[in-house]
Amino acid sequence: MTPPPARRRRGAGVTTPRHNLPRRGAVRRAQTITTYGVGSLIAVDNESFVVAGLDGAHESWLLDEAPIIHEHRLARVLGVQHFRLPPASNDDSKDGIRVRRFPLWHSCPRCDALQHVRGFNPPPGKNICTDCEEDLVPSRFVVACEHGHLDDFPYWKWAHRGNRADGASGHCGGELRLRTSGRTASLRSVLISCTCGVPEVSMEGAFRRSALADLKVPCSGRRPWLKDAPAETCDQPPRTLQRGSSAVWSPVLKSALSIPPWSDGLADRLAGRWDTLREYAADPSKLEIYLKGAFPNEDIPTDAVLALIEAEDQEDPDPDGSSIGQNHRYLALRRQEYERLCAGNAEADQDRRQQFVCEPPSGDSAPLLPTGVTTPMLVKRLREVRALKAFSRVTAPDSNVEVHESALSLRPTIWLPAMEVHGEGVFLRLDDDRLERWAAATAVVTRVDRIRANHERLLRERASDPAQVPDSPAEPRMVLLHTLAHALINEWSLDAGYPAASLRERLYADETMAGLLIYTATSDSAGSLGGVVAQGEPTRLAQALRSAVHRAQWCSADPLCIESEGTGTGSTNLAACHACVMLPETSCEHNNILLDRALLVGTPEEPDLGFFADLLHP
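Model, not experiment: these values are computed from the prediction.

Participant: Just to check I follow, could you spell out the overall build of the chain for this structure?
Facilitator: Each helix and strand counted, the chain has 17 helices and 22 strands in total. Counting the 618 residues in the chain, one finds 53% classified as buried. Considering only contacts within the chain whose residues lie at least 6 apart along the sequence, 68% involve residues at least 24 apart.

Following this line, the structure appears as structure tokens:
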């Protein structure tokens, strides 16, 4: 069943007991990580709020109702001890997720008054204009910068921009008004005026990149989601955004699969005792005595604990945490998953605690030989933990470039918000020899070089330091695997009945890896019914590959799509559009960039360009 929704409540003072806070609305539990996390804006009926941070006695989450979950490998990469699930609403819930009112500027739809919400003097628990008794409307516009700061739109300065003396101080003796002319749906019809007599102005031009800079409006450095947070000094130019725009809040998510030896539940039971366990690890007899004292009602094998400690030392590429960055540690985590997916992990009899079961199919793999895909692995049981590390504003986070990440709290925390997904999937690898020959072809290299050049230009534009721009991951095998994953997800959504948004890709592509995992990405029971695993049987998979390749051969946007010189964000795709291989944003790891179906099927001029061209012309 889908988990119950998480409560969201308005922020309150220190003296207000939690159980007296009014309930403002509800969202699905998973949305508190992906859509309405800390620092995001949420609209509830005719009100708007910002989700509060995780700090101190006024944290956003009531920890008593936020269960702890463990994923040891991911926690080490992110520098925390554990993760917490969002608190779920039920009849016994004391609280939920706290919010604070934002934006603070509102307007009255009847009298057109535009001012700070305190100026309307609404009664407690209501958000109305006391003169008209009409519900107030939160400002449609907010101001944000790339360093994550957020503030109200400067209506005074905008209305008085022809009279800088009045506009700069905000004290002209008049009152602001906001109305819409109704002539169009554009910003030209949103009109701001002041009773001091300045000419009425529209909001047209407010979204220009330099609009606020021209008014000499600096970034305020405000962080309204953090209680009592001091304003920071910020040199970034502020930008006007729609309150409901996705650019106002973009999550920085990190995820990991639970793999052996961490996936049998033993590591979870040992949580919080690792420092002590390492002290006794040199003497197994003392370790055994400690385990019997610490867990009197459980039989925990000493050898299993020693194996976990040894695995931790072997898996950590940087024990001191100083010589390499977090991105490299995260890549090492991916390589560990790839090795385990290749090796498999058989299901133990009657052991339901296993969180990772990966086995080869029972059928003959001969039907897959002509496709260039090796024997698949059926991931019959998996667990993924997705953690909200931070968030960004204005610029969407990119796994290949460092963007400014806004913290979820003022002080470091020992936990992060997270969700766990239990499901199933199919892991595929491409034949290494065939892949190397194909990737070395001149036509393939030339085509991928165009994608890489466009992507590197985009990375330079987004980077705060152009001299530190990382290399683009756009290599032939990466673009091929990415496009193949999209084509298969689209195919399985038609053949197996899964919505494309409930399937997700996980790519393993570099000079040492060439695989992809397609798995269920929802937290409900549809993720473990066996429908995805059934698609990995060799005969059925070979049919799906042929069907997906034939489907990718033609797009309803052709010939424009296949002949495209660049599509998508920053022209980082070639032959890819929403009519052929693009997916819902929840399914793609790379924001629907670095795609080219010509690498699958070729082009009319170069039919042999495609890795799977043989399937089209047997």
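Participant: Would you mind going over the confidence of the model for the chain with me for this structure?
Facilitator: Residues shown with low pLDDT carry predicted positions that ought not to be read at fine detail. Overall, the prediction assigns the chain a mean pLDDT of 85, with 87% of residues at 70 or greater. In the model, residues 1-19 has pLDDT below 50 throughout and makes 77 contacts with residues more than four positions away in sequence or in other chains.

Participant: Help me understand the environment of Asp131 in this model?
Facilitator: Tracing the backbone shows Asp131 in the loop between strand S9 (114-116) and strand S10 (137-138). For Asp131, a relative accessible area of 70% puts it in the exposed group. Separated by eleven residues in the primary sequence, Asp131 and Phe120 place their C-alpha atoms 8.0 Å from one another.

Participant: Mind showing me how you'd approach the environment of Ile300 here?
Facilitator: Mapped onto the fold, Ile300 is located in the loop between helix H8 (284-294) and helix H9 (302-315). With a relative accessible area of 9%, Ile300 lands in the buried category. A C-alpha to C-alpha distance of 9.7 Å links Ile300 and Arg269, two positions 31 residues apart in sequence. If sequence neighbours within four positions are ignored, Ile300 has contacts with Leu266, Leu270, Leu291, Phe295 and Val305.

Participant: Before we go on, may I ask you to explain the sheet that holds S9 in this structure?
Facilitator: Strands belonging to one sheet form pairs held by backbone hydrogen bonds; the direction of such a pair is parallel or antiparallel. Overall, antiparallel pairing links the three strands, which are arranged S9-S8-S10 in an open sheet. The outermost strands of the open sheet, each flanked by one partner alone, are S9 and S10. Note: strand S8 (residues 105-107) against S9, three bridges, orientation antiparallel. Counted as the bridge partner of Trp105 is His116 from S9.

Participant: Explanation requested: the pattern of salt bridges in the structure shown.
Facilitator: Between side chains of opposite charge, a pair can form as their charged atoms come close. By the definition in use, this model includes 31 salt bridges. The salt bridge partner of Glu204 is Arg188, with a shortest N-O separation of 3.0 Å. You can see Glu204 sitting in the loop between strand S15 (201-202) and helix H5 (211-214) and its partner Arg188 sitting in the loop between strand S13 (176-180) and strand S14 (190-194), a full 16 residues away along the chain. In this structure, the salt-bridge partner of Glu384 is Arg386, at a minimum N-O distance of 2.8 Å. For the pair Glu384 and Arg386, a shared accessibility class is recorded, and that class is buried.

Participant: Mind showing me how you'd approach the nonpolar core here?
Facilitator: The tendency in soluble globular proteins is for nonpolar side chains to be buried as a group. Core analysis: the biggest nonpolar cluster contains 52 residues, and Leu430, Leu480, Leu488, Trp492 and Phe612 have the highest contact counts within it. If you look at the next biggest cluster of nonpolar residues, it comprises 45 residues, including Val50, Leu150, Phe391 and Leu408.

Participant: Looking at this structure, I do not really get the packing of aromatic side chains. What am I missing?
Facilitator: To describe a pair of aromatic rings, you give the distance between the ring centres and the angle between the ring planes. With the rule as written, the count across this model stands at 13 aromatic pairs. Measuring from centroid to centroid gives 5.4 Å for Tyr280 and Tyr290, while their planes differ by 25°, and the two rings are stacked. You can see Tyr280 sitting in helix H7 (residues 274-280) and its partner Tyr290 sitting in helix H8, a full ten residues away along the chain. Residue Tyr280 is classed as partly exposed on the basis of its relative accessible area of 30%. Geometrically, the ring pair formed by Tyr338 and Tyr508 is tilted, given 5.9 Å between the ring centres and 40° between the ring planes. Here the residue Tyr338 occupies a position in helix H10 (residues 326-343), and Tyr508 occupies one in strand S21 (residues 503-510), the gap between them amounting to 170 residues. Owing to a relative accessible area of 11%, Tyr338 belongs among the buried residues under this scheme. Aromatic rings pair up to connect Trp105, Phe141, Phe153, Tyr155, Trp158 and Phe207 into one cluster.

Participant: So what exactly am I meant to see when it comes to helix H11 (residues 432-439) here?
Facilitator: In an α-helix, one turn spans 3.6 residues; hence positions three or four apart end up facing the same way. Within H11, burial applies to Arg434, Leu435, Trp438 and Ala439. One side of H11 holds all its buried residues, which, seen down the axis, span an arc of 125°. Set apart from the buried face of H11 by more than 90 degrees, the exposed residues are Asp433 and Arg437. Residues of H11 that are buried sit in contact with helix H12 (442-462), helix H13 (476-495), strand S22 (513-520), helix H16 (598-601) and helix H17 (613-616). Two to three positions downstream of the cap, the backbone nitrogen of Asp433 sits 3.4 Å from a side-chain oxygen, assigning the N-cap of H11 to Asp431.

Participant: How should I be thinking about the sheet that holds S13 in this particular structure?
Facilitator: Strands sit in the order S13-S14-S15 across an open sheet of three strands; the sheet is antiparallel. The open sheet has two edge strands, S13 and S15, and neither has a second partner. Across two bridges, the pairing between S14 and S15 is antiparallel. Residue pairing in the sheet places Ile192 in a bridge with Val201 of S15.

Participant: Mind showing me how you'd approach the side chain of Asp151 here?
Facilitator: The topology assignment puts Asp151 in strand S12 (residues 150-152). The class for Asp151 is buried, based on a relative accessible area of 18%. At a separation of 2.8 Å, a polar atom in the side chain of Asp151 contacts the side chain of Ser220. Once residues within four sequence positions are removed from consideration, Asp151 is found in contact with Phe102, Val142, Val143, Ser220 and Arg222.

Participant: How should I be thinking about the environment of Ala231 in this particular structure?
Facilitator: Position of Ala231 among the secondary structure elements: in the loop between H5 and strand S16 (239-242). In this structure Ala231 touches Ser220 and Gly221, once residues within four positions along its chain are discounted.

Participant: Explain the state of the cysteines here, please?
Facilitator: Chemically, a disulfide is nothing more than a covalent bond linking the sulfur atoms of two cysteines. In total, this model carries zero disulfides according to the counting rule given. Free of any disulfide, Cys108 has its nearest cysteine sulfur in Cys111, 3.5 Å distant.

Participant: Can you help me understand the side chain of Glu491 in this one?
Facilitator: Locating Glu491 in the fold gives a position in helix H13. Glu491 gets classed as buried once you look at its relative accessible area, which sits at 6%. A polar contact is formed between the side chain of Glu491 and the side chain of Ser547, at a distance of 2.7 Å.

Participant: Any chance you could explain the pairing of S14 here in plain terms?
Facilitator: The side chains of a regular strand alternate, residue by residue, between the two faces of the sheet. Burial analysis of S14 places five of its five residues in the buried class, the great majority of the element. With burial as the criterion, each face of S14 is covered, one bearing Val190, Ile192 and Cys194 and the other bearing Leu191 and Ser193. The pairing of S13 with S14 spans five bridges and is classified as antiparallel. Within S14, the position partnered with Leu178 by the bridge is Ile192.

Participant: Got a minute to help me understand unusual backbone geometry in this structure?
Facilitator: Peptide bonds are trans in most cases, and residues, glycine excluded, mostly fall at negative phi. Cis geometry is adopted by the peptide bond preceding Pro261, which originates at Pro260 and carries an omega value of 5°. With respect to the helices and strands, Pro261 occurs in the loop between strand S17 (250-257) and helix H6 (266-269). Positive phi outside glycine occurs at Asp228, with the angle close to 60°. Locating Asp228 in the fold gives a position in the loop between H5 and S16. For Asn592, which is not glycine, the phi dihedral falls at a positive 60°. Its place among the elements puts Asn592 in the loop between helix H15 (538-552) and H16.

About the thresholds
- Residues numbered from 1 in each chain as written.
- Predicted model: local features only at pLDDT ≥ 70, side-chain atom pairs only at ≥ 80, totals over all residues.
- Heavy atoms only, no water.
- Helix = DSSP H or I, 4+ residues; strand = E, 2+ residues; numbered from the N terminus.
- Buried < 20%, exposed > 50% of the residue type's maximum accessible area, 1.4 Å probe, protein only.
- Contact = heavy atoms within 4.5 Å.
- pLDDT = per-residue confidence, 0-100.
- Pairing = 2+ DSSP bridges.
- Salt bridge = Lys/Arg side-chain N within 4 Å of Asp/Glu carboxyl O.
- Core = buried A, V, L, I, M, F, W, Y, C linked by side-chain atoms within 4.5 Å.
- Phe/Tyr/Trp six-rings, centres within 6.5 Å; stacked < 30°, edge-to-face > 60°.
- Arc of directions from axis to C-beta.
- Polar contact = N/O pair within 3.5 Å; in protein donor to acceptor, adjacent residues only side chain to side chain.
- Disulfide = S-S within 2.5 Å.

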